[in-house]
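Here is how the chains run, residue by residue.
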Amino acid sequence: MVKINIKNTSPFDIPSYSSPQSSGCDLRADIKEEYTIRSFETALIPTGIYIALPDGYEAQIRSRSGMTLKHGIVVANGVGTIDSDYRGEIKVILYNQSKKDYTITPGERIAQMVIAKYEKAEFVLTESLDETERGEGGFGHSGKN
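About the thresholds
Residues numbered from 1 in each chain as written. Predicted model: local features only at pLDDT ≥ 70, side-chain atom pairs only at ≥ 80, totals over all residues. Heavy atoms only, no water. Core = buried A, V, L, I, M, F, W, Y, C linked by side-chain atoms within 4.5 Å. Buried < 20%, exposed > 50% of the residue type's maximum accessible area, 1.4 Å probe, protein only. Helix = DSSP H or I, 4+ residues; strand = E, 2+ residues; numbered from the N terminus. Contact = heavy atoms within 4.5 Å. Salt bridge = Lys/Arg side-chain N within 4 Å of Asp/Glu carboxyl O. Pairing = 2+ DSSP bridges. Lys, Arg positive; Asp, Glu negative; His and termini not counted.

Further remarks concern the nonpolar core. Core analysis: the largest hydrophobic core is formed by 24 residues, its most contacted members being Ile-61, Leu-94 and Ile-104. Contributing elements (two or more residues each) for this core: β3 (24–28), β5 (42–46), β6 (49–52), β7 (57–62), β8 (73–75), β10 (91–96), β11 (102–104) and β12 (109–117). Considering every element that reaches this core, the biggest residue donor is β12, with three residues. Residues in contact with Leu-94, not counting those within four places in the same chain, are Ile-37, Glu-41, Thr-42, Ala-43, Ile-45, Ile-73, Val-74, Val-75, Ala-76, Ile-104 and Ile-110.

Written as structure tokens, this is what we have:
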């Protein structure tokens, strides 16, 4: 288990895991009053959370499945990335992809944060790549079934 220093300027709990085997911990909206994300609108929601990740780790900000299924609220950029050298407040870009407005309440769980280890790559310029069975087969190359 990796230890992460965290600063919380909100009146709400720090990120926590819902169950012992959850990979994502919940982030809460650090807002003073309700905020409505209109249909097809994007909003930047503060969390009041600041973290210091060790080198070689990132925090991935992901949608909460229940919010997506029930209300059409998603993390706008698919998965947000918090780099290990970032020390600012974690803010979540939410997008309302539904036809109905959605109101966020203070302290509401708005996203999940997953801590992930990563590796840096050394890119080596070359004139050719090794051959594979797939080759250049791209989008849909394997068929529907």
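With that settled, the discussion passes to the pattern of salt bridges. Pairing is possible between side chains that carry opposite charge, provided their charged atoms lie close to one another. As enumerated under the stated definition, the model contains three salt bridges in all. In this structure, the salt-bridge partner of Asp-26 is Arg-64, at a minimum N-O distance of 3.5 Å. With Asp-26 in strand β3 and Arg-64 in the loop between β7 and α1 (65–71), this residue pair connects regions lying 38 residues apart in the sequence. Taking the relative accessible area as the measure of exposure, Asp-26 reaches 9% and is therefore buried.

The antiparallel open sheet is built from five strands, whose spatial order is β2-β3-β12-β7-β9. Two strands bound the open sheet, and with one partner strand each, they are β2 (16–17) and β9 (80–82). Alignment of β7 against β12, held across six bridges, turns out to be antiparallel. Each residue of the ladder has a partner; that of Glu-58, found in β12, is Ala-116.

This part covers the side chain of Asp-30. Locating Asp-30 in the fold gives a position in the loop between β3 and β4 (35–37). Lacking a salt bridge, the buried Asp-30 has Lys-32 as its closest oppositely charged neighbour, with an N-O distance of 4.6 Å. Filtering out sequence-adjacent residues up to four positions away, Asp-30 remains in contact with Thr-9, Ser-10, Pro-11, Phe-12, Pro-46, Thr-47, Gly-48 and Glu-89.

This part is about the pairing of β5. The two faces of β5 differ: Ala-43 and Ile-45 on one face are buried, but Thr-42, Leu-44 and Pro-46 on the other face are not. Relative to β10, β5 runs antiparallel, the two being bridged by five bridges. Pairing of Leu-44 across the sheet is with Ile-93, part of β10.

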